[in-house]
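Here's the letter readout for the chains.
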Amino acid sequence: MLVKKIIFKILPIEENEDGIIVQKGIEDILNEYRTKGYCDKIYNGCTDREIIEKKLYVTEYQGQEFRGYIEECYYQERKTYKVFIKDFRDDCFHIGYVPFNRVSEIEEWINNNELDLKGNIFILGGNAKYCNQTDNEIKTENKPYGFEVELRFYDNKETIKHSEKNNSPFFNKKYIILGVALLILIIIALFSIFKKAKFEVANFTIESETTDFTYTENSTSYTGTGLIITQEKKGTYLVALKIILKSGGDEDSEKEYYTTVMVNNGKGEFGTYEYGDEDKITKPEYEFEILGYVKF
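Residues numbered from 1 in each chain as written. Predicted model: local features only at pLDDT ≥ 70, side-chain atom pairs only at ≥ 80, totals over all residues. Heavy atoms only, no water.

Quick look at the pairing of strand β5 (residues 92–97) now. Taken across its 6 residues, β5 has 5 buried, putting it largely inside the fold. With 5 bridges joining them, strand β4 (residues 78–86) and β5 adopt antiparallel strand pairing. Within the sheet, the bridge partner assigned to Ile-85 lies in β5 and is Phe-93. The turn joining β4 and β5, which pair antiparallel and follow one another in sequence, is formed by 5 residues; a positive phi near 75 degrees is taken by Asp-90. (Buried < 20%, exposed > 50% of the residue type's maximum accessible area, 1.4 Å probe, protein only. Helix = DSSP H or I, 4+ residues; strand = E, 2+ residues; numbered from the N terminus. Pairing = 2+ DSSP bridges.)

Another aspect to go through is the confidence of the model for the protein chain. Per-chain confidence: the protein chain averages 83 in pLDDT, with 84% of residues scoring 70 or above. Mean pLDDT per element in the protein chain: helix α4 (residues 169–194) is the minimum at 54, and β5 is the maximum at 94. Every residue in residues 158–171 scores below 50 in pLDDT, and together they form 11 contacts with partners more than four places removed in sequence or on other chains. (pLDDT = per-residue confidence, 0-100. Contact = heavy atoms within 4.5 Å.)

The next thing to look at is helix α1 (residues 22–35). Along its 14 residues, α1 runs 20 Å from first to last C-alpha, staying within 8% of the 20 Å computed at 1.5 Å per residue. When α1 is considered as a whole, its buried residues turn out to be Val-22, Gln-23, Gly-25, Ile-26, Ile-29, Leu-30 and Tyr-33. Seen end-on, α1 carries its buried residues on one side only, within an arc spanning 165 degrees. With its phi angle positive at about 90 degrees, Gly-37 sits one or two positions after the end of α1. (Expected span 1.5 Å × (residues − 1). Arc of directions from axis to C-beta.)

Tallied over the entire structure, the rule returns 18 salt bridges. Among the salt bridges present, the one from Glu-105 reaches Lys-4, with a minimum N-O distance of 3.3 Å. Here the residue Glu-105 occupies a position in helix α3 (residues 103–110), and Lys-4 occupies one in strand β1 (residues 2–10), the gap between them amounting to 101 residues. Grouping residues by exposure puts Glu-105 and Lys-4 together as buried. Through salt bridges that share partners, Lys-4, Arg-102 and Glu-105 make up one connected network. (Salt bridge = Lys/Arg side-chain N within 4 Å of Asp/Glu carboxyl O.)

Per the stated rule, a full pass over the model turns up 18 aromatic pairs. Relative to Tyr-38, the ring of Tyr-33 lies with its centre 5.0 Å away and its plane at 50 degrees, an arrangement referred to as tilted. A relative accessible area of 2% places Tyr-33 in the buried class. Exposure remark for Tyr-38: the relative accessible area of 34% places this residue in the partly exposed category. For the pair Phe-199 and Tyr-293, a centre-to-centre distance of 5.0 Å together with 55 degrees between the ring planes defines the contact as tilted. In this pair, Phe-199 sits in strand β8 (residues 199–211) while Tyr-293 sits in strand β13 (residues 282–295), placing the two residues 94 residues apart along the sequence. On the basis of relative accessible area, Tyr-293 is assigned to the partly exposed category, the value being 30%. Stacked on the ring of Tyr-154, the Lys or Arg Lys-118 has its end atom at 5.3 Å from the ring centre. The residue whose ring lies beneath Lys-129 is Tyr-43, and the NZ or CZ to ring-centre distance is 4.7 Å. (Phe/Tyr/Trp six-rings, centres within 6.5 Å; stacked < 30°, edge-to-face > 60°. Lys NZ or Arg CZ within 6 Å of the ring centre and 35° of its normal.)

Encoded structure:
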């Protein structure tokens, strides 16, 4: 069962420790994937006609998932994680680092030995086709590659182990206990209908940082942090949060997405992250919607 999803964008480094320019290295990796037939939906499967009719902006590898890997390290004398993309031969290629403001959140989940971690990397930028609102012809552009990382944490523990002999006294006793447990859960659920915990978003702030690159355009990132708070100080809650980008960001920014936030002792921290070329990205403004919660 999926219990946590963490999504963030990373600033690609110019050159990794192997002396390879990352923009050139990632281009070679993507070309090999494409040559081997892995990338079967170039430009998100859209035809030129669809791009014109729907006024779309699609990149060459949009929607394609690539395997990734992260490894704890220190960068600029601060703890973080190296981010790698795996090539077609399953070798790891270093592309960047986890943003410092996401390290504590990732560390909290990655150190839970009861959870399995799976991750993918999505390619941003590169060759793109688009059609704006006034033109009826395909236009193209090429932007430096960027990366969005998705980490998923799964709880794969079995909750009930079946007895080998269904007609044994132990088996019958187990079902009696299970029935009592279900009855208690129903009572708790009915009680919670009349007494619900209330959650709200508070103390949300955004900071910006511009990075100068030698071989590519300068990039700006906007890092947001906020709290989900509740008056219920006792207990731990997993809260489902919908994040809506009302304005700002750039053309690659997701307009809305979902995340879960662990709220303990009345508060839980969440983050947002937007990244793009310095002259094409603006400060984002968000709207937050709490969809529901589960109490542990």
